[in-house]
Amino acid sequence: MLDTVITNATIYIDRGVEIEGGWLALDGGRVHSAGRAGEPEPDAARRVDAGGRLVTPGLINTHHHMYQNLTRAYGPAVNGTLFQWLTTLYPLWARLDEEAVYLSTYVAVAELLLGGCTTSSDHMYVHPRPGLIDAQVRATTDIGFRFMANRGSMTRSVDDGGLPPREVVQDEDTILADSERLIAAHHDPGPGAMTRVALAPCSLFSVSESIMRTTAELAEKHDVRLHTHLAEDRDEDDYCLEVYGCRPVEYFERVGWAGPRSWVAHYVYGSAEENKRLAAAGVSATQCPSSNMILAGGTADAMTLRGVGMNVGLGCDGSSSSDAASLWMETRGALLLGRFRHGPQAMTARDALDMATRGSARALGWDDEIGHLRPGACADVVVWDTSPVALAGALTDPVEAWLRTGPSRAWYTFVAGTPLVADGELRLRDLEDVLRRHRSAATAIQAAG
Ligand SMILES: [Zn+2]
């Protein structure tokens, strides 16, 4: 007998492969098989009648700063530009400790699960104390969530012309030694991994040129992924020309990052020529629609980037800039932005879903196992719930209906075959206790403002 069978569902297996009124079987943490209506369903210990709902691969989040939910919608920063917002919040984040990071990661994952996300990376670049990424891995492991920890770093404080205070930056030797330690402790390169580690200097204006180079070498040595923010803001062009004598993308190439190991957050301001070069090099980009709109700094032209062969995934970004973290909402945001920019024929719901699944999986170097529901894929699956009121009249195209109506949230979210959301509710034993402690931690941190 198999573990689980989801029946009576419309199943989006992968780009171009959809089943109407069929079933999907999960076993041993993997997708076992799928069938059409009328094809015999296998016996399974758990049977979920989807009642005609849409089933998709779990959505994948390729850019987040989970600790920022401790300062969500923080009044003194809400109307700032990116740089004003950062300088207001850095002194608060300097108070982060292991408890606060554990709690913020736990809450972030709970929120992601409700929005149909089954794998997330997290760019943790503020290190006022050691051990913060270990605390994150404890939280994701306690929950059973698939996680790619990004060992972020900053070397330039206000003392060296940077934005952050000295307490949250580190010297290069500390960063490199901790990166190697984290890879040894937590990076599982094997199939079905629940935790992987990537290396992720924060941005080209917060770290030195040498740490960019040595981080890329270290990633090569240990075969892990590379992540950073790139071309998020026009200010970056001026900064780069002044400090490095070239444009951000040229600098990115010069420090050895332009390869298939890298994915970059935002990537709004690449030129047409630079887009082609990075696409040819195999670099992936992450679009963060809500964050881009709320900070009003421009957004990646995702469909044009895809058109020149660049892989594009999606991210919700940190909860201080984009205060909600629903990948459904980001997928819808990507659809709206694509059509707003290029017209109604420029982008479909399937394009957006492809970005949130295959595109994001490829950005993380993980598309052999996640981002689709072909047999053998990780059993990371979402059964979507949209109110029957919102769906009334939506009869012809379940994927378009899923993204155009709504809001949708997860009715079931399976990670590695385990339902972490069931019947629309989170199945996390410690959630209430964690929320209470998160409130205390957030209050203490915000008292520093
Ligand atoms: Zn970010």
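Everything discussed here concerns the structure shown above.
This write-up is about the structure you can find in this document. (Residues numbered from 1 in each chain as written. Predicted model: local features only at pLDDT ≥ 70, side-chain atom pairs only at ≥ 80, totals over all residues.)

## With respect to the packing of helix α4 (residues 172-186) against helix α5 (residues 209-222)
Between α4 and α5, the least distance of the axes is 11 Å, while the angle of their chain directions is 20°. Put simply, α4 runs roughly parallel to α5. Relative to α5, the crossing made by α4 is right-handed. Packed against α4, whose contacting residues are Glu172, Ile175, Leu176, Ser179, Glu180 and Ile183, the element α5 presents Ser210, Ile211, Thr214, Leu218 and His222 at the interface. Among the residues forming the contact of α4 with α5, the class breakdown is 5 nonpolar, 4 polar and 2 charged. (Axes fitted to C-alpha atoms, helices over the stretch in contact; angles between N-to-C directions. Helix = DSSP H or I, 4+ residues; strand = E, 2+ residues; numbered from the N terminus. Parallel < 35°, antiparallel > 145°, perpendicular 65-115°, else oblique. Left-handed = near helix turned anticlockwise from the far one by under 90°. Contact = placed C-beta atoms within 7 Å. Nonpolar A, V, L, I, M, F, W, Y, C, P; charged D, E, K, R; others polar.)

## Brief notes about the environment of glutamate 99
If you trace the backbone, glutamate 99 turns up in helix α2 (residues 98-114). With 14 C-beta atoms packed within 10 Å, glutamate 99 lands in the partly exposed category. Along the chain, glutamate 99 and aspartate 423 lie 324 residues apart, while their C-alpha atoms are 30 Å from each other. (Buried ≥ 20, exposed ≤ 12 C-beta atoms within 10 Å, placed from the backbone.)

## Some words on the nonpolar core
Core analysis: the biggest nonpolar cluster contains 136 residues, and Ile6, Leu24, Val55, Tyr106, Val109, Leu113 and Val383 have the highest contact counts within it. The dominant element in this core, judged by the number of residues it contributes, is α2, at 12 residues. Each of domain 1 (2-57 + 372-426) and domain 2 (59-363) contributes no fewer than three residues to this core. (Core = buried A, V, L, I, M, F, W, Y, C linked by C-beta atoms within 7 Å. Domains from an automatic or database assignment.)

## A few points about the environment of serine 206
Within the fold, serine 206 resides in the loop between β9 (195-201) and α5. Here the alpha-carbon distance between serine 206 and leucine 230, two residues 24 residues apart in the chain, equals 12 Å. Not counting residues within four places of it along the chain, the set of residues in contact with serine 206 comprises Met154, Arg156, Gly162, Leu163 and Pro164.

Treat this as a map of the structure, not an account of what it does.
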